[in-house]
Amino acid sequence: MDKLVIKGGNPLRGRLHVGGSKNTALPLMAAALLGDGVSTIHNMPVLQDVYTFANVLRVTGARVEFRPDFDANTPDTLVVDASSINHFEAPYDLVKQMRASFYMLGALLGRCGQARVSLPGGCAWGPRPVDLHLKGMEALGANIEMDQGYVVAEAPEGGLHGAHIRFEPSSVGATINVMLAASTANGTTVLDNAAAEPDVVVFGEMLQAMGAKVSGLGTTTITIEGVDKLSPVEFNNCPDRIELGTYMIAAAIATPAGEELVITGAEPDHLGDDFLNAFRKTGVPFEIDGDTVTVTGVETIQPVSITTSPYPGFPTDLQAQWSVMMTQANGASSITETVYSDRFKHIPELNRMGAACRVDDHVVMVQGKNGTALQGTNVMSTDLRASVSLVLAGLIAEGETHVLRVYHLDRGYENLEGKLAGAGIDVRREEYQE
Ligand code: EPZ
């Protein structure tokens, strides 16, 4: 198993490049299954989750090539040949590795009218239900049965039909999954309280490019007018907004006052106003110029309390990273998580490094120390964003921080240690035994 060993205190300066969005890449791969031919997707991140989902697609009979394996000239291109789909299943041993495999339910129903998909497990911070996905499919006319931990879904004679569906709460995954199935249903589907995240918008734009009739993307009401079939397409994935936010926070805590970190290949609008406004309130200056965000280090970070909520609210996937930034702020702040019930597994680890955070139900109170360094030690990753928050803490901690179980990190950050080392950080990957 791997860990990252970070020697704290080096200044973070120079340039960091943002890769393709993980949470958009996965639904784009599911959409490719709807096209009866060869689809090509560019700007794909080279991440474990993409390799896992490629294996999920291969189970159906689709041919999938991911160019980092053999073509250095197009390192970020993925090709899906979905000409012949002959197996309508997403098996447990793959779905358990990655919850987004559950998109196969909508993709197989939309393409073939049937699906047998393993229920995804929970994760470190909660049960992660899929009731909204299943209710949506039933509303489209699918017959849903449970069989030994699998969802068995079948469209009625004549195929799925349009429906008027309301999601409560707003759900990125359920919105995407139902759009996959509704794109080829008979008639019109209206989704109320639909997710407006950029991941959903870009995914919807790929469906449109494939011939789907989708409107309302980026709003909470999405309308899909079913078409007979979708065509394969060549499409570009968008940059990863969570990677961008993570690097902006890294600069705030580890770039020396007056020096700059230049973040390239970004799409700042995808962060949403709440995050950008909160970041401005910390007093850490940043300039946006097209796809480049330049952050300037400061002496003092102002404490700013935040509450996560669906887009354009503060992204829950940046909540853990923000708590690290607030440990370095000049005063107290609160971090309220409204999307998940218990996404604070990183807090005990940060407190072991000397942070002063207290969890009270779904709120974390952080007593900032105005730049007082944390102490490096062994810390345990529990999920992707908790893991990266511990790496951020390691950047500024005294001594060495050993971030264990970085397989969590590898799911969502491509070559993070290489990128950070290129911007001045003393970080190495090491194998270890638990
Ligand atoms: C997506 O997860 C992302 N994952 C998550 O990012 C992200 O945190 C989340 O959206 C919220 O933005 C991917 O895109 C692969 P949801 P998803 O359905 O779709 C409840 C990361 O770190 N809910 O929007 O699973 C659910 O419990 C990951 O990259 C139901 O109640 O999230 C949660 O409280 C972590 N019933 C809320 O909705 C359902 O059927 C939002 O979840 C589905 C969800």
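Everything below is about the structure printed above this text.
Residues numbered from 1 in each chain as written. Predicted model: local features only at pLDDT ≥ 70, side-chain atom pairs only at ≥ 80, totals over all residues. Heavy atoms only, no water.

Chemist: Looking at this structure, I do not really get the sheet that holds strand β20 (residues 357–360). What am I missing?
Modeler: Each strand in a sheet pairs with another by means of backbone hydrogen bonds, the pair being arranged parallel or else antiparallel. Strands sit in the order β18-β19-β21-β20 across an open sheet of four strands; the sheet is mixed. Either end of the sheet is taken by a strand with one partner, and the two such strands are β18 (306–307) and β20. (Pairing = 2+ DSSP bridges. Helix = DSSP H or I, 4+ residues; strand = E, 2+ residues; numbered from the N terminus.)

Chemist: Can you help me understand the site of the ligand in this one?
Modeler: Near the ligand, the surroundings consist of 22 residues, among which Asp131, Leu132, Ser171, Asp317 and Val339 are the closest. Contact between the ligand and Asp131: a nitrogen atom at 2.7 Å from a side-chain N or O atom of the residue. Between an oxygen atom of the ligand and a main-chain N or O atom of Leu132, the distance comes to 2.7 Å. A total of 830 Å² of accessible area belongs to the ligand in isolation, and the protein chains cover 87% of it. (Near = heavy atom within 4 Å. Polar contact = N/O pair within 3.5 Å; in protein donor to acceptor, adjacent residues only side chain to side chain. Areas by Shrake-Rupley, 256 points an atom, 1.4 Å probe, with all protein chains shown as cover.)

Chemist: Help me understand the environment of Leu230 in this model?
Modeler: The residue Leu230 is located in the loop between β13 (221–225) and β14 (234–236) in this model. Here Leu230 falls in the buried class, since its relative accessible area comes to 1%. C-alpha separation for the pair Leu230 and Tyr340, spaced 110 residues apart in sequence, amounts to 35 Å. Setting aside its immediate chain neighbours within four residues, Leu230 contacts Leu34, Gly35, Asp36, Ser183, Thr184, Leu207, Met210, Gly211 and Ala212. (Buried < 20%, exposed > 50% of the residue type's maximum accessible area, 1.4 Å probe, protein only. Contact = heavy atoms within 4.5 Å.)

Chemist: Would you mind showing me how to read the sheet that holds strand β24 (residues 426–431) here?
Modeler: What the four strands build is an open sheet, ordered β22-β23-β1-β24; its pairing is mixed. Each edge of the open sheet is held by one strand with a lone partner, namely β22 (378–380) and β24. Averaged over neighbouring strand pairs, the angle between their axes works out to 25° when direction is ignored. Examined bridge by bridge, strand β1 (residues 2–7) and β24 share six bridges and lie antiparallel to one another. Across the sheet, residue Asp2 finds its bridge partner in β24, namely Glu431. (Axes fitted to C-alpha atoms, helices over the stretch in contact; angles between N-to-C directions.)

Chemist: I keep staring at the packing of helix α8 (residues 241–254) against helix α9 (residues 273–281) and nothing clicks. Help me out?
Modeler: For any two helices packed against each other, one specifies the inter-axial angle together with the distance between the axes. Two elements in contact, α8 and α9, have axes separated by 12 Å at closest approach and are oriented at 5°. Taken as axis vectors, α8 and α9 run roughly parallel relative to one another. Contacts between α8 and α9 involve Gly245, Met248, Ile249 and Ala252 from the first element and Phe275, Leu276 and Phe279 from the second. Taken together, the residues that form the contact of α8 with α9 break down as six nonpolar, one polar and no charged. (Parallel < 35°, antiparallel > 145°, perpendicular 65-115°, else oblique. Nonpolar A, V, L, I, M, F, W, Y, C, P; charged D, E, K, R; others polar.)

Chemist: So what exactly am I meant to see when it comes to the pattern of salt bridges here?
Modeler: Pairing of side chains with opposite charge becomes possible as their charged atoms draw close. As enumerated under the stated definition, the model contains 23 salt bridges in all. Arg411 is the partner of Asp49 in a salt bridge, and the nearest nitrogen-oxygen pair spans 2.8 Å. Separated by 362 residues along the polypeptide, Asp49 in helix α2 (residues 48–59) and Arg411 in the loop between α13 (407–410) and α14 (416–421) bring together distant segments of the chain. Taking relative accessible area as the criterion, Asp49 reaches 2% and is therefore assigned buried. Arg411 sits in the partly exposed class, given a relative accessible area of 27%. For Arg67, the salt bridge goes to Glu65, with nearest N and O atoms at 3.9 Å. Residues joined in a network through salt bridges with shared partners are Asp2, Asp410, Glu417 and Arg429. (Salt bridge = Lys/Arg side-chain N within 4 Å of Asp/Glu carboxyl O.)

Spatial relationships are all this shows, so hold off on functional conclusions.
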